Amino acid sequence: MPNILVVEDSPTMRQLISFAMRRIPRSKVIEATDGVDALKKLAQEKVDIILADINMPVMDGLKLVSLVRNNPSYKDIPIIMITTEGAEEDRKRAMSMGANAYLPKPIQTQELIKLVKKYLDIK
Amino acid sequence: MGKDSKILKSAEEFLQIFRRGEEFTKSLLKENERLRYRIAELEEALQQSSNEARIKNYEERIRVLEEELASLKERFKKVEEENKDFAHRYIEVEEENNNLANLYVASYQLHSTLDYDEVLKIVLEIIINLIGAERFCIMLIDDKTTELVPVASEGIELEEIPKIAVGEGIIGTVAKDGESFFSDDIVNTDGVDIYKPLVCIPLKIKEHVIGVIAIYSFLLQKKAFSNVDYELFNLLAGHAATAIFSSKLYTQSERKLSTIQGFLELLKEKPKK
């Protein structure tokens, strides 16, 4: 049963992504409102993949990626970044910090599900 | 002499018998050859007729197999077509599912609160995250002045947006007629001309327009409108209007209620002697 951590400050986006993720069979969605909240959830539950927004209050997605990659317990968790920015620079920054993939908003849920399934190795 | 002629006669008879035997043997050999030839002929004919029957049989089987192959090919073609149709329908259902999820989330969020500022924030979020707009504003009609007043914006400073009279330009016309405006393409320009939006949606409660949403640019990756965009525009036109209107009324009534409660508290207070 894959545990999917959705880190997004916007309730609308959080709900939309969680909704899409629940369509992956036997998946469990864990929601976090920012980077700090995500770290708390990571400490509480085993997470198989992280979907994180870049622009968030308290702790943004880039900082979260950096902290996750530097923690031996979480460093191998795949991270998919979701952001409003379509700019190449943001994508490069997220990828250089260790994100596995990048999806610009407005997200196409089918594309997101496909990407998550790929990293969870679900056919 | 008599003895010699007897021997001669016997020899002559023997010779005749031998000759007859020779002739008989010859005729037997001839007959044998003829019969062998005949047998060969018959065997050949038999072989030929058997080959012909076999060929005929093979031909019949080939014909049946060819018919079966054609029928299988036809069935395969039909199944393939059905498969394609199913795959196509699956994609359509998936797309529809996603669209419904988007609409459900948007609708759920819009009606999740009665706080006016929060409702405006949710409308902004929906326009950014679900539609992919970059620069836009929400304007509401001021009942006293009948002007469109900006109440929220993204990518443009709220102070930079002027009030627009109902009926004036594209935005004013949308507010007056209640009909959405979509420009022919969604090519983004560097600057923003407040009076020339790419999309303008009326916020309507039944036929009563309470304001508009004017979109000036979209995110880079947004190249064209999809079906769900139009559904979301329709949803925003109705649900956002209701949510904004009811939250505004609720906030106003809350404010009035707290003022009245304040007065009541004052009245209840005993006058100091």
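Remember, it's a predicted structure, so these values are computed and weren't measured experimentally. (Residues numbered from 1 in each chain as written. Chains lettered and ligands numbered in written order. Predicted model: local features only at pLDDT ≥ 70, side-chain atom pairs only at ≥ 80, totals over all residues. Heavy atoms only, no water.)

A.B. asks: Honestly, the overall build of chain B in this entry has me stumped. Any pointers?
C.D. replies: What chain B contains, in helices and strands, is four helices and six strands. In sequence order, chain B lays out its α and β elements as α-α-β-β-β-α-β-β-β-α. Since a compact globule built from 273 residues should have a radius of gyration of about 19 Å, the 53 Å found for chain B marks it as more spread out than a globular shape. On the principal axes, the C-alpha backbone points of chain B span a range of 205 × 50 × 30 Å. A total of about 19,400 Å² of accessible surface is found on chain B, and carbon and sulfur atoms cover 56% of it. (Helix = DSSP H or I, 4+ residues; strand = E, 2+ residues; numbered from the N terminus. Rg over C-alpha atoms; globule rule 2.2 N^0.38 Å. Areas by Shrake-Rupley, 256 points an atom, 1.4 Å probe, with all protein chains shown as cover.)

A.B. asks: So what exactly am I meant to see when it comes to the pairing of strand β5 (residues 199-205) of chain B here?
C.D. replies: The side chains of a regular strand alternate, residue by residue, between the two faces of the sheet. All names here are of chain B. Counting buried residues along β5, six of its seven residues qualify, which places the element largely inside the surrounding structure. With two bridges connecting them, strand β4 (residues 181-182) and β5 associate as antiparallel partners. Note on β5: the bridge partner recorded for Phe 182 is Val 199. Of the pairings in the sheet, the one linking β5 to strand β6 (residues 208-218) comprises seven bridges and is antiparallel in character. By the bridge assignment for β6, Lys 204 is matched with Val 209. (Buried < 20%, exposed > 50% of the residue type's maximum accessible area, 1.4 Å probe, protein only. Pairing = 2+ DSSP bridges.)

A.B. asks: Sorry, what's going on with unusual backbone geometry here?
C.D. replies: Leaving glycine out, the prevailing phi sign among residues is negative, and the prevailing peptide bond configuration is trans. One non-glycine residue, Val58(A), adopts positive backbone phi at about 65°. Positionally, Val58(A) belongs in the loop between β3 (49-53) and α3 (61-69). With relative accessibility at 70%, the residue Val58(A) sits in the exposed group. The phi angle at Thr146(B) is positive, at roughly 50°, despite the residue not being glycine. With respect to the secondary-structure elements, Thr146(B) resides in the loop between β1 (133-142) and β2 (147-154).

A.B. asks: Where do I start with the environment of Ala32(A) in this structure?
C.D. replies: Residues and elements named next belong to chain A. With respect to the helices, strands and loops of the structure, Ala 32 is situated in strand β2 (residues 28-32). Sequence separation between Ala 32 and Arg 14 is 18 residues, and the spatial gap between their C-alpha atoms is 8.5 Å. Contact partners of Ala 32, with chain neighbours within four places excluded, come to Leu 5, Val 6, Val 7, Glu 8, Arg 14, Asp 37, Ala 38 and Lys 41. (Contact = heavy atoms within 4.5 Å.)

A.B. asks: Explain the interface of chain B and chain A here, please?
C.D. replies: In many reports, interface size means the accessible area that the parts give up when they come together. Of the residues lining the interface, 22 residues belong to chain B; the matching set on chain A comes to 16 residues. Buried surface at the junction of chain B and chain A, summed over both partners, amounts to about 1,700 Å²; 56% is from carbon and sulfur atoms. In terms of surface lost to chain A, no three residues of chain B exceed Asn98(B), Asn129(B) and Gln221(B), which account for 33% of the buried area on that side. Summed over the shared surface of chain B and chain A, the result is one salt bridge. The partner of Glu94(B) in a salt bridge is Arg23(A), with the nearest N and O atoms 2.9 Å apart. Taken together, chain B and chain A are joined by eight residue pairs in polar contact (both at pLDDT 80 or more). (Buried area = accessible area lost by both parts, 1.4 Å probe. Salt bridge = Lys/Arg side-chain N within 4 Å of Asp/Glu carboxyl O. Polar contact = N/O pair within 3.5 Å; in protein donor to acceptor, adjacent residues only side chain to side chain.)

A.B. asks: I tried to follow the domain arrangement of chain B on my own but got confused; where do I start?
C.D. replies: All names here are of chain B. Considered domain by domain, chain B is made up of domain 1 (1-110) and domain 2 (114-260). On a C-alpha basis, the centres of domain 1 and domain 2 stand 83 Å from each other. Taken together, the contacts link seven residues of domain 1 with twelve residues of domain 2. Between domain 1 and domain 2 lies a buried interface of about 910 Å² when both sides are counted; carbon and sulfur atoms form 78% of it. Its largest share of buried area at the contact with domain 2, domain 1 owes to Asn 102, Leu 103 and Leu 110, together 60% of the area lost on that side. Inspection of the domain 1/domain 2 interface yields zero salt bridges. The interface formed by domain 1 and domain 2 holds zero residue pairs in polar contact (both at pLDDT 80 or more) in total. (Domains from an automatic or database assignment.)

A.B. asks: I keep staring at the pattern of salt bridges and nothing clicks. Help me out?
C.D. replies: Pairing is possible between side chains that carry opposite charge, provided their charged atoms lie close to one another. This model, assessed by the stated rule, comprises twelve salt bridges over all chains. The partner of Lys28(A) in a salt bridge is Glu45(A), and the shortest N-O contact between them spans 2.4 Å. Taken together, the residues Lys28(A) in strand β2 and Glu45(A) in the loop between α2 (35-44) and β3 connect sequence positions 17 residues apart. With relative accessibility at 31%, the residue Lys28(A) sits in the partly exposed group. Judged by relative accessible area, which is 27%, Glu45(A) ranks as partly exposed. Arg34(B) is the salt-bridge partner of Glu31(B), the closest N and O atoms lying 2.6 Å from each other.

A.B. asks: Whenever I open this one, the environment of Tyr216(B) confuses me. Can you help?
C.D. replies: Residues and elements named next belong to chain B. Within the secondary structure, Tyr 216 sits in strand β6. Tyr 216 sits 181 residues away from Leu 35 along the chain, and the two C-alpha atoms are 109 Å apart. If near-sequence neighbours (up to four positions away) are discounted, Tyr 216 is found in contact with Arg 135, Phe 136, Cys 137, Ile 156, Ile 171, Val 192, Asp 193, Ile 194, Lys 196, Pro 197 and Leu 198. A polar contact of 2.5 Å, which involves the side chain of Tyr 216, links it to the backbone oxygen of Ile 194.

A.B. asks: Looking at this structure, I do not really get the sheet that holds strand β3 (residues 164-165) of chain B. What am I missing?
C.D. replies: Within a sheet, each strand pairs with its neighbour through backbone hydrogen bonds, oriented either parallel or antiparallel. Residue and element names in this part refer to chain B. Spatial ordering of the open sheet is given by β3-β2-β1-β6-β5-β4, a layout of six strands whose pairing is antiparallel. The sheet is open, and its two borders are formed by β3 and β4, each paired with just one other strand. Contacts from helix α4 (residues 227-268) reach β1, β4, β5 and β6, with the element oriented near 50° to β5. (Axes fitted to C-alpha atoms, helices over the stretch in contact; angles between N-to-C directions.)

A.B. asks: Looking at this model, I keep getting lost on a negative patch on the surface. Mind explaining?
C.D. replies: All names here are of chain B. A contiguous patch of negative charge on the surface is contributed by Glu 74, Glu 80, Glu 81, Glu 82, Asp 85, Glu 92, Glu 95, Glu 96 and Glu 231. Counting residues per element, the negative patch draws most heavily on helix α1 (residues 2-110), at eight residues. In this structure Glu 231 comes out as partly exposed when scored by relative accessible area, which is 42%. (Patch = residues over 30% accessible without salt bridge, like charges linked within 9 Å, V, L, I, M, F, W, Y side chains within 5 Å. Lys, Arg positive; Asp, Glu negative; His and termini not counted. Charge placed at Lys NZ, Arg CZ, Asp CG, Glu CD.)

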